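Summary of structural features
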Amino acid sequence: MRDETLLTTLGREPAAHHGLVNMPVFRGSTVLSPTLEAYAGRRTHEGTTYGVHGTPTTFAFEEAMTTLENGYRTIAVSSGLAAITLPLAALLSAGDHLLVVDSAYQPTRRFCDTTLARFGVEVQYYDPLIGAGIEALIKDNTRLVLLESPGSLTFEIQDVPAITAVTRRRGVLTLIDNTWATPLFFKPLDHGVDISIHAITKYVGGHSDILMGSVTTTEAVHRPLRDAMGHFGDCVSPEICFLALRGLRSLAARLERQQKSALEVARWLQSRPEVARVLYPALEDDPGHGLWKRDMTGATSLFGVVLEPTSRPALAAMVDPLDLFGIGASWGGFESLITAPEPDRIRTATRWQAEGPLLRLHIGLEEPADLIEDLTRGFERRARHS
């Protein structure tokens, strides 16, 4: 079956649950065993053994994500950040070398520069456009390469197959943040990646009301990773897993609508004299368009806009009074959002150069004409304050 159909069927067993269409919420901490022998023989993380290891609601979500990602197994965790930091902490040891894309999510960098550095892991950042050139950075102690495609602020598309061709040959693991593309538009494990993570908080959740992450792996890496992650005691409530399953049901419909709206707004922004460039791989003139078209089957609704030079007061006059774009973190929900990130503050391996300030837009489910009118009024306010 195609993904759009799988989204409506995965993680559901009506016949096993009195005909109920949706998977029930199974709450619980203690799980009883019929005998001492059975209790002693339980394998941690296999089946329903203890609440922190999951309930049938958890397993239903994990199985759904595994199918969508073409993976071996999935581990549900408490947040998108946990989906990155827990595998890093579980797989890396003192003396290991970690390569991290320079466009990575800022909290990822913070974890690498503080916690991992304190534990004796050597962290090195690399150009997101490096491709097969990653080989020059791999050392004898390189254990893992972290990718994010596109970058969450500046939207560079990485050449994932070129990188994984090198890492597979050199015996180095790869982990990718696949939140932007979702499993519908990119399946990293099909392109040689070992671990694919998602902030389920975003597009899969879809309603800006849950915090959750997922980690999908190949068979080779799953067991050691799950065992090590189990030491942290991280878990997700069954209620959150239920809401994530509900979010999956409408994911394809939401992404189709949001992609169409994002393209409409992005192309309109390209026509504005106040805009220097739009950072969106689905646009034909985007530097990453060729790789995006080769590897991905769609684009979601988060993109960047580099403005022509303007003052901070003029930028605030443009953005602060917007009616339909909320100023807030996260994205992937039904509502449009806007922020003004400053990637030059965190880059170390590459230099972020832009004509003017950067805005990051998430396009929700509103009518795009209304969003364009809202932004038009914003540009008018900017002009009055310039």
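Everything in this summary refers to the structure shown in the same document.

**A short note on the overall build of the protein chain**
Across its full length, the protein chain carries 13 helices and 12 strands. Here the protein chain has a C-alpha radius of gyration of 22 Å; the compact-globule value for 386 residues is 21 Å, and the two agree. The contacts of the protein chain with a sequence gap of at least 6 include a subset with a gap of at least 24, amounting to 74%. About 16300 Å² of surface is accessible on the protein chain, with carbon and sulfur atoms providing 53% of the total. When the 37 basic and 46 acidic side-chain charges of the protein chain are each reduced to a single mean position, those positions are 2 Å apart.

**Some points on the packing of aromatic side chains**
The geometry of an aromatic ring pair is captured by the separation of the ring centres together with the interplanar angle, meaning the angle of the planes. A complete count under the given rule lists three aromatic pairs for this structure. Taken together, a centroid distance of 5.2 Å and an interplanar angle of 45 degrees make the contact between Tyr280 and Phe303 tilted. With Tyr280 in the loop between strand 8 (275-279) and helix 11 (289-295) and Phe303 in strand 9 (residues 302-307), this residue pair connects regions lying 23 residues apart in the sequence. Relative accessible area serves as the criterion here: at 0%, Tyr280 is assigned to the buried category. The ring of Tyr125 is capped by Arg109, whose NZ or CZ atom sits 3.9 Å from the centre of that ring. Between the NZ or CZ atom of Lys202 and the centre of the ring of Trp331, over which it lies, the distance is 5.2 Å.

**Details of the pairing of strand 7 (residues 213-217)**
With five of its five residues buried, strand 7 lies for the most part within the structure. Burial of strand 7 is two-sided: the residues Gly213, Val215 and Thr217 facing one way and the residues Ser214 and Thr216 facing the other way are all buried. Summarising the sheet, strand 1 (residues 73-77) and strand 7 pair through five bridges and their orientation is antiparallel. Bridging from a neighbouring strand, Thr74 pairs with Thr216 of strand 7. Alignment of strand 6 (residues 195-199) against strand 7, held across five bridges, turns out to be antiparallel. Note that in strand 7 the partner of Ile197 across the bridge is Val215.

**Digging into the sheet that holds strand 10 (residues 326-327)**
In spatial order, the strands read 8-9-12-11-10; together these five strands make up an open sheet with mixed pairing. The open sheet terminates on both sides in strands that have one partner only, identified here as strand 8 and strand 10. Relative to strand 12 (residues 358-362), strand 9 runs antiparallel, the two sharing five bridges. In the sheet register, Phe303 faces strand 12, and the bridge partner there is Leu361. Helix-sheet contacts for helix 12 (residues 312-319) involve strand 9, strand 10, strand 11 (337-339) and strand 12, and the interaxial angle to strand 12 is about 15 degrees.

**Focus: the sheet that holds strand 4 (residues 142-148)**
Pairing is mixed in the open sheet, where seven strands are placed in the order 1-7-6-5-4-2-3. Edge positions in the open sheet fall to strand 1 and strand 3 (122-126), since each of these has one partner strand only. Each strand axis lies, on average, 20 degrees off the axis of its neighbour in the sheet, ignoring direction. Sheet contacts for helix 3 (residues 56-69): strand 1, strand 6 and strand 7; angle to strand 1, the most-contacted strand, approximately 130 degrees. Sheet strands in contact with helix 4 (residues 80-91) are strand 1, strand 2 (97-101), strand 4, strand 5 (173-177), strand 6 and strand 7, and its direction is about 150 degrees off that of strand 6.

**A word on the nonpolar core**
Core analysis: the largest hydrophobic core is formed by 107 residues, its most contacted members being Leu269, Tyr280 and Phe303. A total of nine residues in this core trace back to one element, the largest contributor, which is helix 10 (residues 251-270). Once residues within four sequence positions are removed from consideration, Leu269 is found in contact with Val275, Val278, Phe303, Val305, Leu361, Leu375 and Phe379.

**Some thoughts on the pairing of strand 6**
Looking along a regular strand, one sees the side chains alternate between the two faces of the sheet. The buried fraction of strand 6 is high, at five of five residues. Covered by surrounding structure in strand 6 are Ile195, Ile197 and Ala199 together with Ser196 and His198, the residues of both alternating faces. Here strand 5 pairs with strand 6 via three bridges, running parallel. Opposite Asp177, over in strand 6, you have Ile197 as the bridge partner.

What counts and how
Residues numbered from 1 in each chain as written. Predicted model: local features only at pLDDT ≥ 70, side-chain atom pairs only at ≥ 80, totals over all residues. Heavy atoms only, no water. Helix = DSSP H or I, 4+ residues; strand = E, 2+ residues; numbered from the N terminus. Rg over C-alpha atoms; globule rule 2.2 N^0.38 Å. Contact = heavy atoms within 4.5 Å. Areas by Shrake-Rupley, 256 points an atom, 1.4 Å probe, with all protein chains shown as cover. Lys, Arg positive; Asp, Glu negative; His and termini not counted. Charge placed at Lys NZ, Arg CZ, Asp CG, Glu CD. Phe/Tyr/Trp six-rings, centres within 6.5 Å; stacked < 30°, edge-to-face > 60°. Buried < 20%, exposed > 50% of the residue type's maximum accessible area, 1.4 Å probe, protein only. Lys NZ or Arg CZ within 6 Å of the ring centre and 35° of its normal. Pairing = 2+ DSSP bridges. Axes fitted to C-alpha atoms, helices over the stretch in contact; angles between N-to-C directions. Core = buried A, V, L, I, M, F, W, Y, C linked by side-chain atoms within 4.5 Å.

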